[in-house]
Amino acid sequence: MASHWLVKSEPDTYSYADLERDGRTTWDGVRNFAAASHLKSMKLGDQVFFYHSQEGKDVVAIAQVAKEAFPDASDPTGKFVAVELTPVRKLKTSVTLADMKANPALSDMPMLRQGRLSVSPVSDAEWATILKMAGE
């Protein structure tokens, strides 16, 4: 059974539109041990919310894990991993951070409790709630 995740990216660094254009990307550069642990747990086919941080601050799309964890070539220490993601689709309506914080069903969501975490798990119930908020 697939798991659900959320990844954050600043849209001026790498946006969902960039992922759509590229068709696939290596999700690397994660240097937080908790976030890196989540990357290691991702499995082929897992669905991933794509969150634009800094500017927008909203879940804008869904991506999918296309390649499980492998050594992060950008890490000279060899301690960290990367995964590959492919685009699935934009959400009908993006879901803002403010709206997620205001929804009691999302109060235990790791991304909301640990705001600096760039990769985090999303429970099935949280996934369904966000999709409903997006009009899906």
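What you see is a predicted model, and the numbers here were worked out from it, not measured in a lab.

What counts and what doesn't
- Residues numbered from 1 in each chain as written.
- Predicted model: local features only at pLDDT ≥ 70, side-chain atom pairs only at ≥ 80, totals over all residues.
- Heavy atoms only, no water.
- Phe/Tyr/Trp six-rings, centres within 6.5 Å; stacked < 30°, edge-to-face > 60°.
- Helix = DSSP H or I, 4+ residues; strand = E, 2+ residues; numbered from the N terminus.
- Buried < 20%, exposed > 50% of the residue type's maximum accessible area, 1.4 Å probe, protein only.
- Contact = heavy atoms within 4.5 Å.
- Salt bridge = Lys/Arg side-chain N within 4 Å of Asp/Glu carboxyl O.
- Pairing = 2+ DSSP bridges.
- Axes fitted to C-alpha atoms, helices over the stretch in contact; angles between N-to-C directions.

Draft legend 1. How the structure looks around the packing of aromatic side chains. Scanning the entire structure with this criterion turns up 4 aromatic pairs. Taking the centre distance of 5.5 Å and the plane angle of 70° together, the rings of Tyr16 and Phe50 count as edge-to-face. Of this pair, Tyr16 sits in helix H1 (residues 16–22) while Phe50 sits in strand S3 (residues 47–52), and the two are 34 residues apart along the sequence. Look at Phe50 and you get buried, because its relative accessible area is 0%. Aromatic side chains Trp27 and Phe50 sit 5.6 Å apart centroid to centroid with 80° between the ring planes, which places their arrangement in the edge-to-face category.

Draft legend 2. Inspection of the side chain of Thr86 at higher detail. Tracing the chain through its elements places Thr86 in strand S5 (residues 81–96). Overall, the relative accessible area of 16% leaves Thr86 in the buried class. When sequence neighbours within four positions are dropped, the list of residues in contact with Thr86 reads Leu19, Gly23, Arg24, Ala63, Gln64 and Ala66.

Draft legend 3. Quick look at the pattern of salt bridges. As enumerated under the stated definition, the model contains 5 salt bridges in all. We note a salt bridge from Asp72 to Arg31, for which the minimum N-O separation is 2.9 Å. Of this pair, Asp72 sits in the loop between strand S4 (58–71) and S5 while Arg31 is found in the loop between strand S2 (25–27) and helix H2 (33–41), placing the two residues 41 residues apart along the sequence. Across the salt bridge formed by Glu136 and Arg89, the nearest N and O atoms sit 2.6 Å from each other. Note that Glu136 is positioned in the segment after helix H5 (124–133) and Arg89 in strand S5, a separation of 47 residues in sequence. When salt bridges with common partners are traced through the structure, they connect Asp18, Arg21 and Asp22 into a single cluster.

Draft legend 4. Inspection of the pairing of strand S1 (residues 4–9) at higher detail. With 6 of its 6 residues buried, S1 lies for the most part within the structure. Residue alternation in S1 divides its side chains into two sets, His4, Leu6 and Lys8 and Trp5, Val7 and Ser9, and both sets are buried. By the bridge criterion, 6 bridges tie S1 to S3 in an arrangement that is parallel. Each bridged residue has a counterpart across the sheet, and for Trp5 the counterpart in S3 is Val48. Pairing geometry for S1 and strand S6 (residues 119–122), over 4 bridges, is antiparallel. Note that in S6 the partner of Leu6 across the bridge is Ser120.

Draft legend 5. Quick peek at the sheet that holds S4. Spatially, the 6 strands line up as an open sheet ordered S2-S5-S4-S3-S1-S6, and their pairing is mixed. Only two strands of the sheet have a single partner each, and these edge strands are S2 and S6. Pairs of neighbouring strands in the sheet enclose a mean axial angle of 40°, with direction left out of account. Running at roughly 55° to S6, H2 makes contact with S1, S2, S4, S5 and S6 of the sheet. Relative to the sheet, H5 contacts S1, S3, S4, S5 and S6, its axis offset from that of S3 by approximately 55°.

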